[in-house]
Amino acid sequence: MTAINGAVVLVTGANGGIGTHFVHDALARGASKVYATARNPREWNDERIVPLALDVTDPASIQAAVEAAPDVTVLINNAGILPSSTGILTHTEEEIRTNVETNFLGPLFLARAFAPILATKQEAALIDIHSALSWYALGGIYSATKAALWSATNSLRLELDPQGVHVVGVHVGYVDTAMAAHTTEPKTDPAELVRIVYDAVKAGEYEVLADETSVQVKAGLSAPLEALYPELKTTKA
Ligand code: NDP
């Protein structure tokens, strides 16, 4: 169980979207400090919010964040990107590398860098934002990176749990932010998502399935592959 009340929270990708909600809701729940990190940090005009430069793809930037924020008790790996195309055969090589660096290697190396800090704290937690697409391959390299992060989160949990660090993986379908601006499909309100995540962290849950899409896709993994991907049947017919 990790209460956000009194926590020192670090959020990656804090300038917009879900990240900004993680910042504000943490303070509403009584966090004593929030490191609002971004590639280009902005002013927040709140003394409880510490803007901090952090590019998750840059090892030197990660090391600088570790040195600047030794009091972190809750680390939120939120930053992420979506490729502009969906086909794993048609993404550019650059898109593939950037997605792997940002969505997988970045959060993994950040978690590794902060693990020794978190392990010394009471009620420490690591929160990794995956996606429903971790379990559904229509996102091309995005799906692949989120699946890899899901797996890494599970490994991190096994290694950090004995050290008293609670590790939470979050799955959700579309959320109403700039990242999902391209679709008119139903979207979860980012404030509602963050409320669900912090409540789950407080309750000691390991995994958050924040919407019906995530629940259904996870359940679909135990069915024959054609049930999750009905287009395969169509192709063969
Ligand atoms: P946004 O595009 O609104 O925000 C993403 C944030 O990530 C931006 O603040 C961006 O910062 C930051 N970012 C990108 N690259 C880096 C980097 N190299 N280093 C540090 N920060 C970086 O998207 P969301 O808020 O929706 O996404 C947040 C998380 O939620 C992501 O991991 C995403 O994959 C996940 N998610 C989103 C869903 C959705 O439908 N929106 C659904 C499921 C999961 P900058 O301002 O510098 O570009």
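Remember, predicted model here, so these are calculated numbers, not experimental data.

To continue, consider the site of the ligand. Neighbouring the ligand are 26 residues; Arg39, Asn78, Tyr142, Val175 and Thr177 lie closest to it. At 3.4 Å from an oxygen atom of the ligand is found a main-chain nitrogen or oxygen belonging to Gly13. One nitrogen or oxygen atom from the side chain of Tyr142 is found 2.6 Å from an oxygen atom belonging to the ligand. In the complex, 87% of the free accessible area of the ligand, which totals 900 Å², lies under the protein chains.

A word on the nonpolar core. One finds Val9, Phe22, Ile127 and Tyr198 to be the most contacted residues of the largest nonpolar core, which totals 32 residues. Of all the secondary structure elements, the ones that give two or more residues to this core are strand E1 (8–11), helix H1 (17–28), strand E2 (33–38), strand E4 (74–77), strand E5 (124–129), strand E6 (165–171) and helix H5 (190–203). For this core, the element with the most residues is H5, which contributes 6 residues. Ignoring anything within four residues of it in the chain, the contact list for Val9 reads Ala26, Ala31, Lys33, Val34, Tyr35, Val74, Ile76 and Tyr198. Judged by nonpolar contacts, the second largest core, of 28 residues, contains Tyr35, Val56, Leu75 and Ala115.

A few words on unusual backbone geometry. Backbone geometry places Asn45, a non-glycine residue, at a positive phi of 55°. Locating Asn45 in the fold gives a position in the loop between E2 and strand E3 (49–53). Classification of Asn45 by relative accessible area gives exposed; the value is 75%. Even without glycine at this site, Glu123 takes up a positive phi of about 50°. Note that Glu123 resides in the loop between helix H3 (93–118) and E5. For Glu123, a relative accessible area of 43% puts it in the partly exposed group.

A word on the pattern of salt bridges. Applying the stated criterion across every chain yields a total of 8 salt bridges. The salt bridge involving Lys218 is made with Glu207; its shortest N-O contact spans 2.6 Å. Placement of the pair is Lys218 in helix H6 (residues 212–220) and Glu207 in strand E7 (residues 207–209), with a sequence separation of 11 residues. When its relative accessible area of 33% is taken as the criterion, Lys218 is described as partly exposed. Owing to a relative accessible area of 26%, Glu207 belongs among the partly exposed residues under this scheme. Among the ionic contacts, a cluster of salt bridges with common partners joins Asp25, Arg29, Glu192, Arg195 and Asp199.

Estimated volume of the second largest pocket: approximately 160 Å³. Taken together, Leu108, Arg112, Ala115, Ala152, Ser155, Leu156, Glu159, Leu160 and Gln163 make up the full set of residues lining the second largest pocket. Where the lining of the second largest pocket is concerned, the elements lending two or more residues are H3 and helix H4 (141–160). Among the elements that take part in the lining of the second largest pocket, H4 stands out by supplying 5 residues, more than any other. Partitioning the lining of the second largest pocket into residue classes produces 5 nonpolar, 2 polar and 2 charged.

Below, the discussion takes up the environment of Tyr35. Its place among the elements puts Tyr35 in strand E2. Separated by 13 residues in the primary sequence, Tyr35 and Arg48 place their C-alpha atoms 8.6 Å from one another. For Tyr35, the residues in contact, after removing those within four places along its chain, are Val8, Val9, Leu10, Val11, Val50, Leu52, Ala68, Ala69, Asp71 and Val72.

We describe a pair of aromatic rings using the distance from one ring centre to the other and the angle between the two ring planes. Evaluated as defined, the whole model comprises 3 aromatic pairs. Measuring from ring centre to ring centre gives 5.2 Å for Tyr136 and Tyr229, while their planes differ by 5°; the resulting arrangement is stacked. Residue Tyr136 is located in the loop between E5 and H4, and its partner Tyr229 is located in the loop between helix H7 (225–228) and helix H8 (231–236); the two are separated by 93 residues in the primary sequence. Just above the ring of Trp44 sits the side chain of Arg42; from NZ or CZ to the centre is 3.7 Å.

Criteria and cut-off values
Residues numbered from 1 in each chain as written. Predicted model: local features only at pLDDT ≥ 70, side-chain atom pairs only at ≥ 80, totals over all residues. Heavy atoms only, no water. Near = heavy atom within 4 Å. Polar contact = N/O pair within 3.5 Å; in protein donor to acceptor, adjacent residues only side chain to side chain. Areas by Shrake-Rupley, 256 points an atom, 1.4 Å probe, with all protein chains shown as cover. Core = buried A, V, L, I, M, F, W, Y, C linked by side-chain atoms within 4.5 Å. Buried < 20%, exposed > 50% of the residue type's maximum accessible area, 1.4 Å probe, protein only. Helix = DSSP H or I, 4+ residues; strand = E, 2+ residues; numbered from the N terminus. Contact = heavy atoms within 4.5 Å. Salt bridge = Lys/Arg side-chain N within 4 Å of Asp/Glu carboxyl O. 1 Å grid on protein atoms, 1.4 Å probe; cavity = no way out; pocket = protein on both sides within 12 Å on 5 of 7 lines; lining within 4 Å. Points joined across faces, edges and corners; volume = space filled by probe spheres on them. Nonpolar A, V, L, I, M, F, W, Y, C, P; charged D, E, K, R; others polar. Phe/Tyr/Trp six-rings, centres within 6.5 Å; stacked < 30°, edge-to-face > 60°. Lys NZ or Arg CZ within 6 Å of the ring centre and 35° of its normal.

The values reported here are purely geometric and, on their own, carry no functional implication.
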